[in-house]
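# Secondary and tertiary structure notes
Chain residues, written in single-letter form:
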Amino acid sequence: MSGTSSHNLPLIQASSGCACCSPQGNRAVEPAVAVDTADIRHRSAQFKVTGMTCGHCVAGVSEKLGRLEGVTDVEVGLIPDGVSTVTVYGTENISPDAVRAAVSEAGYEFAGTV
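Residues numbered from 1 in each chain as written. Predicted model: local features only at pLDDT ≥ 70, side-chain atom pairs only at ≥ 80, totals over all residues. Heavy atoms only, no water.

## Description of the confidence of the model for the chain
Counting all residues, the mean pLDDT for the chain is 78, and 64% of those residues have values of 70 or more. Taken as a whole, residues 1-16 scores under 50 in pLDDT and shows six contacts with residues more than four places along the chain or in a different chain. Low pLDDT (under 50) marks residues 23-31, which in the prediction has 11 contacts with non-local residues, meaning those over four places away or in another chain. (pLDDT = per-residue confidence, 0-100. Contact = heavy atoms within 4.5 Å.)

## Quick word on the pattern of salt bridges
Across all of its chains, the model carries three salt bridges by this definition. Salt-bridge contacts for Lys64 lead to Glu105; the nearest nitrogen and oxygen are separated by 2.9 Å. With a gap of 41 residues between them, Lys64 in helix α1 (residues 55-66) and Glu105 in helix α2 (residues 96-106) connect regions that are remote in the sequence. Judged by relative accessible area, Lys64 falls into the partly exposed class, the value being 22%. Under the relative-accessibility criterion, Glu105 is labelled exposed at 56%. Two residues, Arg100 and Asp97, come together in a salt bridge whose shortest N-O distance is 2.9 Å. Here Asp97 and Arg100 lie together in helix α2, a separation of three residues that amounts to about one turn. Given the relative accessible area of 39%, Arg100 is considered partly exposed. (Salt bridge = Lys/Arg side-chain N within 4 Å of Asp/Glu carboxyl O. Helix = DSSP H or I, 4+ residues; strand = E, 2+ residues; numbered from the N terminus. Buried < 20%, exposed > 50% of the residue type's maximum accessible area, 1.4 Å probe, protein only.)

## Description of the sheet that holds strand β3 (residues 83-90)
With antiparallel pairing, four strands are arranged side by side in an open sheet as β2-β3-β1-β4. Every interior strand has two partners, whereas the edge strands, β2 (71-77) and β4 (109-113), have only one. Shown here is a sheet whose adjacent strand axes are inclined to one another by a mean of 30°, direction ignored. As paired elements, strand β1 (residues 43-50) and β3 share eight bridges and run antiparallel to each other. Bridge assignment links Ser44 to a residue of β3, and that residue is Tyr89. Sitting on the sheet, α1 touches β2 and β3, and the angle it makes with β2 is about 155°. Set on the sheet, α2 makes contact with β1 and β4; between it and β4 the angle comes to about 160°. (Pairing = 2+ DSSP bridges. Axes fitted to C-alpha atoms, helices over the stretch in contact; angles between N-to-C directions.)

## Things to note about unusual backbone geometry
For Asp81, which is not glycine, the phi torsion reads 60° and is therefore positive. Mapped onto the fold, Asp81 is located in the loop between β2 and β3.

Written out as structure tokens, the structure is:
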């Protein structure tokens with residue numbers, strides 16, 4: 001390929017990090033499995049979460065919420081160092097108390113419903 005070069009670029013610098021990970025604690029995140037959610041997104045609820053700053057944060061919150069009974073999908077609108085919007089889809093009503101507990105367990109702050 002003429003005029004192009006290939007470089008391995010780190011996702012974060014060795015001296016940096018974010019609220020959820022330190023440079024020493026970085027680990028690979030398993031890729032998400034593609035699922036056709038058109039038929040399983042019966043109900044949804046939106047919540048506000050603070051404290052997330054990066055993709056690692058999103059992955060941690062999404063993983064915890066994805067383990068809740070009836071949850072089929074989670075989408076996060078990340079606002080680094082602000083109030084992010086988390087949409088939880090499920091086959092049944094989503095309990096704000098369960099979401100609050102999962103978000104707290106992931107290390108972030110539940111800031112209410114949208």
